[in-house]
Structures are given as C-alpha cells and as structure tokens.
Amino acid sequence: METAHLLSLFTVFSMLQQVRSWSIAVPTTVTAVEGSCVMVPCQTQHHSRVIWYQYHITHYPVVYDGDRPNTEEHQFRGRTSVPGEAAEGNCTLMIDNVKKADNNLKVYVWINPDSKTTQKFHLQTVTIFVERKAPLISIQKQIVDGEILQANCSVNLYSCPFSPPSLHWNISPFLKNFTSMTFNEDVQGQWSYTKTLKGLATYEMHKSKMLCSAKFRTFTTRSRQITLNVLYEPVTVTLTLEKEPIVEGGSVTMECAANCNPQPHTYIWLERRMGQNNEITSTERKRLFDNIKRDTSLSCIAYNDIGTGKSNWLDLGVQYAPVILPESSCHLTGEVVHCVCQAEASPNATINWAIDGNDTLPSSFSILSTNNKNVVSGEISGPAQNQSNLSCTATNSLGSVIKQLSVDFSKTSSLYMWLSPLILLGIGLSFGCAMLIYRKYSRNRQPPGSVCNTGVLLRTHGLSDNVRQEQTYSSFQRSQDEDAQSGHCRSESNPEEDSPSCVYDNDFLEEMSRSTRAQQHQSNAPQREGEIQPEAKRLDCNMDDVYLNG
C-alpha cells in the first residue's frame, strides 16, 4: 500500500512540475480600436505550436490555429495570427479589423497542445474591450499673429500600429500655405498615429474653425471642432458716432472700435481744432465731447498687450446756422446793378433776394447761385433803379440771416454829370485837331502838273555860261520872291520844314524862256580878262537837277 501511495504522489508531483514549466505571461485586459487591429501580448518558453481559444463554459471555440485554420470560428477566419517567433517564446495573438462584436471577447492560449500533459491555461484569460476612437486635436496654448502655428491630429491605436486610419484636416480657407506630415509614436507600449499641420499664423485666422477626421475601413470618425484664438495688435481702429447730426455748441459721444485680440486696455483720444491737437488718455472705449465747434476732427489710439493701432481723423461735420460773409456787396456797371451775397452754413444755405422788401423780382433781373463746400454764393443782376435797396436772405434748417445791400445812386449820378461834358469836350478837341491837320495837309499838297523840290537849270543851245548862270540866278531870285508872297515854299509854324518848296508851272517856264532870248545879245559879249564868272546858283529842292533843253 505504501509503495502504491508513493507512486501516486510521484506522478502528481511530476505533473505539477510540467504545468509549472509552461508558465505564460498575459495581461488580464486589452483595449482595441474599432476598425484597427489589436495585439494580445503573450510570452512563454520555447514552443512549437500555439492555439488560442475563446473562453466558453461548455465548448472550446477556436480563435486561432495555425496548423488547422479550418477549425477556427467563422468570425475569426482570416483575421487572426501569431506573428511572433516561437523560438523566442512569443505567443502574442493579433486580431485584425476589430469589430464592435469583438467587445468583451475573452481568449486564452494553449501552448504545445499536442503534448500529453494536462494544463489549465483557460484559467488565464484576457478580456478585449473595443472602442470607437475619434481623433484628437492638440494645439499650442498661445497663437500670436506672425508666429508659427502647429496643430496635431492624433488617434491612439494602443498596441497595434499596423493598420492606422487615414487622417484628414478640415480647416478654414484662412489657413494658407500650411504643410502636414504623419507619423507613429510608441509611448510606453501605446501607439499614437498623428498628422501635424504647420504654418504661419495671421490675424485673419482668429475665430477660424478646425477639425480633423480619421477614416477607418468601414467608417469615419471626426474630432471635435476647435476655434482658433489668435492674438494680434489693433489692425484697424475706427471712430463711430452714437448720434447725428452734430450741432455747433452741443455734445457728442464717440466710440473707438479696434479690431484686435485681446481688446484694448488703454485709449488716447486726439482732438484737432483750428490746427491744434489735444490728447486725452482713458481706459474707456467711449467718450463724451462737449461744446463742439465747427471744423473739429477726432482720432483715437488703441493699446493692447500685443501692440497699438491708430484711427484715421474723423471730421465731425458740425452743423451751424448761416452767416453772411463781409464780401457780400453791390456795384454799378453803367446802368446795370450787380450784387453778390456769400453765406457760410452747414448744411448749405439757400439765397433769396428782395428789392425794397419785395421778394417778387422783375423778369429783367437774372439770378445765379454756386456752391463751394459750405459757402454758397448768390448773384443778381438787373437794371439800376433810384433809391433801390437790395437784400439777401440765407436760410438753412438751423436758422436764417438777412443783409441789406444798398446802392448809392447820388454819387453815381454826380460822377456821370462830370464825365459827360468831359467826354464831349474830348470828342470836340479830337475833331478840331483832325480838321487842322487836314487843312494844313491840303495847303501843302502839290497842284497837278507842277514840279516840286527840283533844282531847275535852263540850258539853251549856243548860250554862254555867263548867260546861263545869270538866267539861273534870275530864275532863282524870282522864285524866292514868289515864295515870299504865296508862302508855299516855307511854313514858319513848322521849323522842321526848312527846305523851300518850289512850285513852277508851264507859264513860268515860258516866261523864263522869253527873258532868256531877249538878253541873248548881252550874253554873247566876250568875257573880260580877269573877270570872275559867277557860280551858277542851284535851287536846292532835295531832288536831282532837272534840265530843260530849249
């Protein structure tokens, strides 16, 4: 009995040693991502064959059997494998294309199932939990205009990096010139699949929407949408009025609106009036301005943590009642009166005319009106009337003003009383001078057939030089006597006309010819010796000599 009992104890001890020799290391739970793969880690000693079973109370469904794949349950065929090296004791199970039905699946491993040893591997089960994972977006905490923006779209695949999903970014059109890259990362046995977006941040991206999606084999998941918070300095600063219109002397509330992030913490208000600037520092974006004057402009500077921005100058467009300018006046041109009335106002004034208080004007008057900014010029022209008073009235929505434009006709009449005789006297003098000049010209004009301004030398054939000289001298003396009587050759009133003007007609020439023939005998007398022949005198008529041949 004792021998049999000892043999039985030895057999049990041997079996326990064999069971202990096949120690395995498996986790109790594994998390899988739906649509991806899952790895069930398993480590043991060197072995030759591995079978994985689904845990069941009454039977043993096969999950994986490399030698007899036809024995695998239908839902696992083609999806399971043991990729590790048996010589290294790797017995890890891989399930591909994890499905939602795989959730809470319990599996266990049997090492060297062909051995005759009895092992209770089913006591070490692994439970697989299945999750549908959506990608996560991670981004830097502070995004500043002009700096680099980097965003990551990631899916945690846990233990299986072999069948990752396809990641896609869905971004705002403002995200331009961005690049992306994809990579796997193992952190303490957990695999993460990531796609990174990188580019330059601009203020236009502020409040832009971003999300990414992960496309698995049979479905797609999406990340939560995020809104970008880009920090930037005031890029546009504008002034706005709370109410319009603005009346001179009143008040106005201004608001300084800045396009920036974060909002401004300080404002500097600038007021420009008559070329002078006034600065006011405030923490409020709204400010009340009192006693507003015309030609006032405002601007503001906004400060935030990133920088500053300044608005353009805003002309307030202050409204005021009309004022008639000093340039308004009337003047006469002959019998026509012309008046100009200039009025400054905002809004522009209208000009109305009245004559002696009557605003119904005669049809003979013409009216013209022109605008130049806030100055309106009205003009009126018409026939002048004694004791007429013209007035102009400038009117706009804020009031009206009238101005009398008088015309002094008495001074104008007196002036005409003196001007008229003077004009008539001038006309008479001009006419008298013209007549004197005409008469003088008529007296000095040569009669027809006369020879004027000519030195005349009379020559007859066969006469001696004595006779010719005497004849010439005699003729010259006669012409001088006649000139003295007639006054035709010299005008004492005009000293410039010193040369004699000789006028000879045909009768005078015939008389000279007869006188020459009568004295011919005396001329033929011989010249005495030593007697000086008188030089022939020549009439200077400022022209070439004219010879008359007898």
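Quick caveat, the model's predicted, so the values are computed rather than measured. For every chain, the first residue of the written sequence is number 1, and numbering continues from 1 along that sequence. Local features are withheld for residues below a pLDDT of 70 in this predicted model, meaning they are given only at 70 or higher, and side-chain atom pairs are given and counted only at 80 or more; totals for whole chains, interfaces and linings count all residues. The side-chain quantities take in all heavy atoms of the structure and omit both hydrogens and water.

Quick notes on the packing of aromatic side chains
Where we set the bar: Aromatic pairing here means that ring centres of Phe, Tyr or Trp (its six-membered ring) are within 6.5 Å. Orientation follows from the plane angle: under 30 degrees is stacked, over 60 is edge-to-face, and everything else is tilted. The helix and strand labels rest on DSSP assignments: H or I over at least four residues marks a helix, E over at least two residues marks a strand, and numbering proceeds from the N terminus. Look at NZ for Lys and CZ for Arg. If either is within 6 Å of the ring centre and within 35 degrees of the ring normal, a charge sits over the ring.
Here the structure, examined in full by the defined rule, presents 6 aromatic pairs. Judged by centre distance (6.1 Å) and plane angle (40°), the ring pair of tyrosine 53 and tryptophan 110 falls under tilted. Of this pair, tyrosine 53 sits in strand β3 (residues 50-54) while tryptophan 110 sits in strand β7 (residues 105-111), and the two are 57 residues apart along the sequence. With a centroid separation of 5.9 Å and 70° between ring planes, the pair formed by tryptophan 269 and phenylalanine 289 is classed as edge-to-face. On the criterion of sequence distance, the pair formed by tryptophan 269 in strand β20 (residues 266-273) and phenylalanine 289 in strand β22 (residues 286-289) is long-range, its members being 20 residues apart. Here the aromatic cluster, defined as three or more aromatic residues joined through ring pairs, consists of Tyr53, Tyr55, Tyr108 and Trp110. The ring centre of phenylalanine 219 lies 3.9 Å from the NZ or CZ of arginine 132, which sits over that ring. The residue whose ring lies beneath arginine 287 is phenylalanine 289, and the NZ or CZ to ring-centre distance is 5.7 Å.

Comments concerning the confidence of the model for the chain
The condition that has to hold: pLDDT gives the predictor's per-residue confidence on a scale running from 0 to 100. Contact between two residues is taken to exist if any of their heavy atoms lie within 4.5 Å; hydrogens are not considered.
Per-residue pLDDT for the chain averages 78, and the proportion of residues at 70 or more is 72%. Long-range and interchain partners of residues 412-417, a stretch whose pLDDT sits below 50, account for 2 contacts in this model, where long-range means more than four residues apart. Counting contacts from residues 518-550, a segment whose pLDDT is below 50, to residues more than four positions away or on other chains yields 54 contacts.

What to know about the pairing of strand β11 (residues 148-158)
This is how it is decided: Here's how the labels work: a residue is buried when its accessible area is under 20% of the maximum for its type, exposed when over 50%, partly exposed in between, all with a 1.4 Å probe on protein chains only. At least two bridges found by DSSP between two strands is the condition for calling them paired.
Of all 11 residues making up β11, 8 are buried, and the element is well covered by its neighbours. In terms of strand pairing, strand β9 (residues 136-139) meets β11 through 4 bridges, oriented antiparallel. Following the sheet pairing, isoleucine 139 is matched in β11 by alanine 151. Where β11 lies against strand β14 (residues 190-200), 10 bridges are found, and the strand directions are antiparallel. Opposite alanine 151, over in β14, you have leucine 197 as the bridge partner.

Side note on the pairing of strand β18 (residues 230-241)
In this sheet, β18 lies alongside strand β10 (residues 143-144) in parallel orientation, the contact comprising 2 bridges. Each residue of the ladder has a partner; that of valine 144, found in β18, is leucine 231. Pairing between β18 and strand β19 (residues 252-261): 7 bridges, direction antiparallel. Paired with tyrosine 232 across the bridge in β19 is asparagine 261.

Thoughts on the sheet that holds strand β6 (residues 93-95)
Spatially, β2-β6-β5 is the arrangement adopted by the 3 strands of the open sheet, whose pairing is antiparallel. With partners counted over all chains shown, the strands left at the sheet margins are β2 (38-40) and β5 (80-81), one partner each. Pairing geometry for β2 and β6, over 3 bridges, is antiparallel. Within β6, the position partnered with valine 38 by the bridge is isoleucine 95.

Concerning a nonpolar patch on the surface
Applied cut-off: For patch detection, residues must exceed 30% relative accessible area and be free of salt bridges, and they are connected within 9 Å for like charges or within 5 Å for nonpolar side chains (Val, Leu, Ile, Met, Phe, Trp, Tyr). Areas reported here follow the Shrake-Rupley algorithm with a probe of radius 1.4 Å; residue values treat only the protein chains shown as occluding. The salt bridge definition used is simple: a Lys or Arg side-chain nitrogen within 4 Å of an Asp or Glu carboxyl oxygen.
On the surface, a cluster of nonpolar side chains totalling about 330 Å² of accessible area is made up of Ile423, Leu424 and Ile427. By the element assignment, leucine 424 lies in helix α2 (residues 409-443).

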